Each structure stands twice: as C-alpha cells, then as structure tokens.
Amino acid sequence: MERYARQLVLPEIGEEGQSKIIEGSVAVFGLGALGSTISEALARTGVGKLRLVDRDFVEVSNLNHQILYSEKDIGMPKAEAAVDRIKKINSDVETEGEVVDINPNNIEKLIEDVDMVLDGTDNMEVRYIINDACVKYEVPWIYTAVLGTYGMSLNLIPEKTPCLRCIIPEKPSAGEMETCETAGVLSTLPRIMANIAATEAIKFLTGISMRKELLTVDIWNSDFELTDVERREGCRTCADRDFEFLQSEGAMTTELCGRGAVQINPGEKVELDLTTLEERFESSELKGENLIKVYLEDYTLNIFKDGRGIIEGTEDSKKAKSLYSRYIGN
Ligand SMILES: [Zn+2]
C-alpha cells in the first residue's frame, strides 16, 4: 500500500477505495496516444488487471506522442511492448496483451471478465462494435475522441446512460469525417483526454458514479463544456437491442489511413507458426511472439500470428491481397 500513499490520504479514495481499485479489471482498446496514457495512468493507480489490445506495431513516428514506447520497441507489436513497459512500472498489475484487430468475432472474448472498457481506438467502425457488445453484455465503457485541438469524452453505462448510437445514430461513412491524418492532433490533447477517461474509470471502480454529461474540450482555448445527453427513444442498439455491428462480417481489407499500408484479414480463425514462416523467406525477422516482418524488394509484409497481414508499400487493396496470397497463401 506504500506505493499508493498519496491516494490513500485522499478522502475520495482512501484505503477502501484503493482496495477496490486493486480488485478492478479494465480492458484498454487501442494503444496509440490515448490508450498508452490510459494504460499507464491505470497501472500507476493500481488497477489490478489490465487487458491491453492493439492490432498494430510500433513505428518511429509513434514515439513523439505514444508514451509507452521507446526506440527499442520499433517494429514490435504495440500490445507486447505495452505489456513489457507496464510490468516495469507496476509489477503488481496483472497485464495481458492481445495482438488482434477488434472485430465481431473476437469482441465478446475481449470484454469477458472485465469491469469496464476504455476506448483508445480512434476508429468509428470499431467503436460501434464495442458499443453493440457492451450494451449486449452490460459492460460500461468510456468513449474518448481527439481531433485537431478538440476532444470529447462520454461515459456509457448500459441501461443507465445513452449508448453511442443514441448520440451518433448512424456510423459516419468514409470520407465524411476528418481524421487525425487530415486534421492533425495537438500532442498535449490525447494525454489530457486520456487522463480524464482514466479518472472516470477510477471513480467507477471505487463505486462512485461517473459524470453523466458529454464533455467537450477545446484545449487551445482552455474551454471545457458539459452537455446533457439522454437515451434516444427507438435507438437501434439500446432500445431495440438489434446488434447490427456484431452480425457484420468485418472487412477483408482495410486501408490504413496515412500509413501507405493495407491490412488484410484472413476471414477465418488461423494460428500461424511464425518460426516455420521465417525459414521460408530469405529476408525476414521475428518481432516478439506475434509478428514476423518479411522484406520484399518494394514491400514489407507484416504477418501476425492470427493470420492478419499489414502490407506496407501500397494503398491498393487488390495489390495487397495478391501479395498476401502469393507469399502467405490463400
Ligand atoms: Zn442507444
């Protein structure tokens, strides 16, 4: 308990609250700028169990805003690098990393046996999948979004508060919204929004009710605004309990915006033997337990144990698919 001395003297937490935090379990989805800070904050606060989920690997351009990673992690799956770092910060935290793309087939397993989910994904498609699953299984989650100098945070508790679809009924179509690539993000913003979400999570774990309003932040002008939100009558997800996004197949290919890369989903459950794969290629490199990089002349194939591929060097889905089937199979 010595580690948490400064929290123990807080009337908001105290010994009883700290014990509840230690018993708590949280899944963090997405380990970029938001997810890194959320995970670190929760680990330092003493949350007993963290499930850290991310589909990607660390790139040099991540190092200026994603606080869990350092140069030695470049090329490693983020979930693995994050677990390593969190264990060094607080070895009492039970930490598990999941190197997967969150989709309708694995979401139920990912939210199983956690008290709540914190969103660091920065991806609307995935958020609707999270929303459906969290409403269906009554798991509270916290939505956080950042863009430019603006941030947004909303606590979503099934049956008690609106769900994401009460607020944004239809998923914005591709190109309709600005992305972090087109609008940029001020580097101070994700940390602030992540710490706001982590604070709400700590309140929830200690049994104190979370903020009900939608928080919008204009960090450039230090403007914080709270807006009342209500459950929407006829909401497809929380009123009709029609979980559309859990039934969707999920895309076979996803262009990774601003990365010059395409992600390929195998479309079936596979577990690749990466060591065998390594022997097959002249120039390849294992990166941790879940990823192999295969270097071709013009492309790099990042092949994950779960069969996913991130093909660097093209934004053309067809090209990426054909490289995947030529070198990996299928
Ligand atoms: Zn709803």
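For the structure itself, consult the block above.
Residues numbered from 1 in each chain as written. Predicted model: local features only at pLDDT ≥ 70, side-chain atom pairs only at ≥ 80, totals over all residues.

## Observations regarding the sheet that holds strand E1 (residues 25-29)
Argument step 1. Read from one edge to the other, the open sheet built from 8 strands follows the order E3-E2-E1-E4-E5-E6-E7-E8, with strand pairing classed as mixed. Where the open sheet ends on each side, the last strands, each with one partner, are strand E3 (94-98) and strand E8 (223-227). On average, each strand axis in the sheet is tilted by 15 degrees relative to the strand beside it, whichever way the strands run.
Argument step 2. As paired elements, strand E6 (residues 150-156) and strand E7 (residues 214-218) share 4 bridges and run antiparallel to each other. Counterpart to Ser153 in the pairing with E7 is Leu215.
Argument step 3. This element, helix H4 (residues 78-89), spans strand E2 (49-53) and E3 of the sheet and lies at about 170 degrees to E3. (Pairing = 2+ DSSP bridges. Helix = DSSP H or I, 4+ residues; strand = E, 2+ residues; numbered from the N terminus. Axes fitted to C-alpha atoms, helices over the stretch in contact; angles between N-to-C directions. Contact = placed C-beta atoms within 7 Å.)

## Side note on the packing of helix H3 (residues 33-45) against H4
Axis angle and axis distance: for two packed helices, these are the angle between their axes and the distance between the axes, and together they describe the pair.
Argument step 1. In the contact formed by H3 and H4, the axes pass within 9 Å of each other and the chain directions differ by 30 degrees. Put simply, H3 runs roughly parallel to H4. In this structure, the crossing between H3 and H4 has a hand that is right-handed. Contact residues: H3 offers Ser39, Glu40, Ala43 and Arg44, while H4 offers Ala82, Ile86 and Ile89.
Argument step 2. Each residue belonging to the contact of H3 with H4 can be placed in one class, and the counts come to 4 nonpolar, 1 polar and 2 charged. (Parallel < 35°, antiparallel > 145°, perpendicular 65-115°, else oblique. Left-handed = near helix turned anticlockwise from the far one by under 90°. Nonpolar A, V, L, I, M, F, W, Y, C, P; charged D, E, K, R; others polar.)

## Some words on the sheet that holds strand E9 (residues 253-256)
Argument step 1. Across the sheet, which stays open at both edges, the 6 strands sit in the order E9-E10-E14-E13-E12-E11 with antiparallel pairing between neighbours. Each edge of the open sheet carries a strand with a single partner, namely E9 and strand E11 (284-287). Adjacent strand axes in the sheet meet at a mean angle of 20 degrees when their direction is disregarded.
Argument step 2. Across the sheet, helix H12 (residues 317-327) touches E9, strand E10 (261-264), strand E12 (291-295), strand E13 (300-304) and strand E14 (309-312), and the angle it forms with E10 is around 55 degrees.

## Notes on the pairing of E6
A regular strand places its side chains on the two faces of the sheet in alternate fashion.
Argument step 1. Counting buried positions over the 7 residues of E6 gives 5, a clear majority of the element.
Argument step 2. Note that strand E5 (residues 141-147) and E6 share 7 bridges and pair antiparallel. Note on E6: the bridge partner recorded for Ile142 is Asn155.
Argument step 3. The antiparallel hairpin formed by E5 and E6 contains 2 residues in its connecting segment, where Gly148 sits at a positive phi of about 60 degrees. (Buried ≥ 20, exposed ≤ 12 C-beta atoms within 10 Å, placed from the backbone.)

## A closer look at the nonpolar core
Argument step 1. If you look at the biggest cluster of nonpolar residues, it comprises 80 residues, and the most contacted ones within it are Val28, Val117 and Ala201.
Argument step 2. The two domains that each donate at least three residues to this core are domain 1 (2-247) and domain 2 (253-327).
Argument step 3. When sequence neighbours within four positions are dropped, the list of residues in contact with Val117 reads Ala27, Phe29, Ile111, Ile130, Cys134, Val139 and Trp141. (Core = buried A, V, L, I, M, F, W, Y, C linked by C-beta atoms within 7 Å. Domains from an automatic or database assignment.)

## A closer look at helix H6 (residues 124-136)
Residues spaced three or four apart along an α-helix face the same direction, because each turn holds 3.6 residues.
Argument step 1. Taking 1.5 Å of rise per residue, 13 residues should cover 18 Å, and H6 covers 18 Å from first to last C-alpha, within 8% of that figure.
Argument step 2. Counting buried residues in H6 gives 10 out of 13 residues, a clear majority hidden from the surface.
Argument step 3. Taken as a whole, H6 has its buried residues at Val126, Arg127, Tyr128, Ile129, Ile130, Asn131, Asp132, Ala133, Cys134 and Val135.
Argument step 4. Of the residues flanking the end of H6, it is Glu138, one or two places downstream, whose phi is positive at about 55 degrees. (Expected span 1.5 Å × (residues − 1).)

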